[in-house]
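Examining the three-dimensional arrangement
The primary structure of each chain is shown beneath.
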Amino acid sequence: MTASDKPTSRVVPPGVHAVDEPVTGDDRDGSTWTLVGRAALFVVGCALLVGCAFSVNHLSQWMQDYGTVLVFLAFFLVMSLAGRWFWVGADAAIGFVLHGTSRK
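Cut-off values and rules
- Residues numbered from 1 in each chain as written.
- Predicted model: local features only at pLDDT ≥ 70, side-chain atom pairs only at ≥ 80, totals over all residues.
- Heavy atoms only, no water.
- Helix = DSSP H or I, 4+ residues; strand = E, 2+ residues; numbered from the N terminus.
- Contact = heavy atoms within 4.5 Å.
- pLDDT = per-residue confidence, 0-100.
- Patch = residues over 30% accessible without salt bridge, like charges linked within 9 Å, V, L, I, M, F, W, Y side chains within 5 Å.
- Areas by Shrake-Rupley, 256 points an atom, 1.4 Å probe, with all protein chains shown as cover.
- Salt bridge = Lys/Arg side-chain N within 4 Å of Asp/Glu carboxyl O.

1. A look at the side chain of S55
When you line up the elements, S55 lands in helix 1 (residues 35-55). Those residues in contact with S55 that sit more than four places away from it in its chain are W62 and F75.

See below:
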């Protein structure tokens, strides 16, 4: 395939950046979180992680009261959300410190 055989236009879905396209903070679909929003998610994620750590002692009683599967799934869901929100905020803070901007 020669250079002239390559297609000149690419189809990229909205909100998705091509590999060689720079990522900016002004997406047209509004999917970019502000640094303040990411900081709020970081605080909420930290609070949920601390709450989960304190609730570990109660898991066995909750399993007897509500069932093992239900408690496991609920605990897993809360921990997953808390971890995701924690890392969204942590990545934004690290990006701000290293690069001066919030990155995706």
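Having seen the model, we can carry on.
2. Focus: the confidence of the model for the protein chain
Residues at a pLDDT of 70 or more form 64% of the protein chain, whose mean pLDDT is 78. Throughout residues 26-31 the model reports pLDDT below 50, and contacts reaching past four residues in sequence, or to other chains, amount to six contacts.

3. Points about a nonpolar patch on the surface
On the surface, L35, I94, F96, V97 and L98 cluster together to form a nonpolar patch covering roughly 500 Å² of accessible area. Top element by residues in the nonpolar patch is helix 3 (residues 68-99). It accounts for four residues. When you line up the elements, F96 lands in helix 3.

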